Amino acid sequence: MFRLKKRIMCRMLAKRNKQKPFDYQYAEDFSLEGEKDPLVNNSYYFSAHDETMSFFARLGRRVNEDETWFVVYREGRLYSLKQESFPSGASPLIVEKCGESWTVSFRGKVNENDEVVFRAKFVARQEPIDFTSNMPAERMATGIANEKWNRALFAGLQHVSGQCHYEQEGMLEGEMTLNGKAIQFQLPCVRDHSFGKRDWSYMNNHLWLMAVSASRQFNYSLVSYPVISALEVGNYRDEAGQHFMLQADLDFWQVATGKIPQELALNVRLDDRRTIRVTAKVLSGVSYHFQEGRYILHENIAEFQVDGQACRGILEIGFNRDSSRFFNQKALNRIRR
């Protein structure tokens, strides 16, 4: 039955993607104008790294607040904005579209007494990747085929399909003044934009691995929802071009404890028949709390080895406060992947 359900779902997803293709221009121009629902989110995230400096920032706009992250990791020290949210329109982090590029700026205090002025421009170097239409249909189909099919399942899938999420690789170029010292930078970067209804407490748990350098970029995403116990997608770009993940062998037990794994390793099979080895080791990080602590997300800067090449990036992991919800308490070794 699993194989039959997977084939049926692949056909359904292919039909949906054909009827509703990804509209990049609409997504780029999306705003909350006229919106009243506080669960609707318009989130901009930038993650940029090289061997000497790491940076990430997120502005999650809602009608009632601006979820705000700003972090720089340099010379072994982490500089982070302590306040996690601001009233709508009051965030010190400003993200603006300027022609075909985006600017990120920040002015304020990080840690306890460090002063930062930051301004940078993101310039795209690769085509955007939409997590709905670009990822192989068999990845979503596999996740859904693992579940018991009934009306409740298909009604619940609306909670998952209502969010648009895409990423784009490029360069982040700019200057930061840290405690009066000017620092110029040019960092390989991944820009992430998502919008639609996002109820953090709806997720059971998740993991995101992202590594980037001038020559390559890797992504692996794992998320567990009440309607899909495990959904895995991924992609890898190197000199051979952009390729998508067909399967991975991450040990789910390593991310089912409610704790931050300090090291992870997995093998990833790609659609060009290659299998690449990926390892990650946490350097430092920040924890963020959503919806009065019902969901906690840990954003960690990590060192990676991707197919034998050193990169730096993000090991992000999050957990619902209710630990009984992790992977819907499924027997992890019995989830088909």
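(A) Quick look at the overall build of the chain. Assigned secondary structure in the chain consists of five helices and 19 strands. Compactness check: the chain gives a C-alpha radius of gyration of 19 Å against a globular reference of 20 Å for 337 residues, within 12% of the reference. Looking at the chain as a whole, 54% of its 337 residues are labelled buried. In the chain, the share of contacts with a sequence separation of at least 24, taken over all contacts with a separation of at least 6, comes to 60%. As displayed, the chain has an accessible area near 15,600 Å², and 48% of this comes from carbon and sulfur atoms. Side chains of the chain carry 45 positive and 42 negative charges; the gap between the two charge centres is 8 Å.

(B) The sheet that holds strand 19 (residues 309-320), seen in detail. Strand order in this closed barrel of eight strands is 12-13-14-15-16-17-18-19, and the pairing throughout is antiparallel. Each neighbouring strand pair of the sheet contributes to a mean axis angle of 30°, computed without reference to strand direction. Across the sheet, helix 3 (residues 137-145) lies against strand 14 (231-238) and strand 15 (241-248), angled at about 160° from strand 14, the strand it touches most.

(C) Highlighting the packing of aromatic side chains. Enumeration over the complete set of coordinates arrives at 23 aromatic pairs. Taking 4.2 Å as the distance between ring centres and 5° as the angle between the ring planes, the aromatic pair formed by tryptophan 69 and tyrosine 288 counts as stacked. Taken as a pair, tryptophan 69 in strand 3 (residues 65-74) and tyrosine 288 in strand 17 (residues 275-290) lie far apart in primary sequence, 219 residues in all. Take tryptophan 69: its relative accessible area is 3%, and that puts it in the buried class. Residue tyrosine 288 is classed as buried on the basis of its relative accessible area of 1%. Between the NZ or CZ atom of arginine 58 and the centre of the ring of tryptophan 69, over which it lies, the distance is 5.4 Å. Taking NZ or CZ as reference, arginine 337 lies 3.9 Å from the ring centre of phenylalanine 252, over its face.

The rules behind these values
- Residues numbered from 1 in each chain as written.
- Predicted model: local features only at pLDDT ≥ 70, side-chain atom pairs only at ≥ 80, totals over all residues.
- Heavy atoms only, no water.
- Helix = DSSP H or I, 4+ residues; strand = E, 2+ residues; numbered from the N terminus.
- Rg over C-alpha atoms; globule rule 2.2 N^0.38 Å.
- Buried < 20%, exposed > 50% of the residue type's maximum accessible area, 1.4 Å probe, protein only.
- Contact = heavy atoms within 4.5 Å.
- Areas by Shrake-Rupley, 256 points an atom, 1.4 Å probe, with all protein chains shown as cover.
- Lys, Arg positive; Asp, Glu negative; His and termini not counted.
- Charge placed at Lys NZ, Arg CZ, Asp CG, Glu CD.
- Pairing = 2+ DSSP bridges.
- Axes fitted to C-alpha atoms, helices over the stretch in contact; angles between N-to-C directions.
- Phe/Tyr/Trp six-rings, centres within 6.5 Å; stacked < 30°, edge-to-face > 60°.
- Lys NZ or Arg CZ within 6 Å of the ring centre and 35° of its normal.

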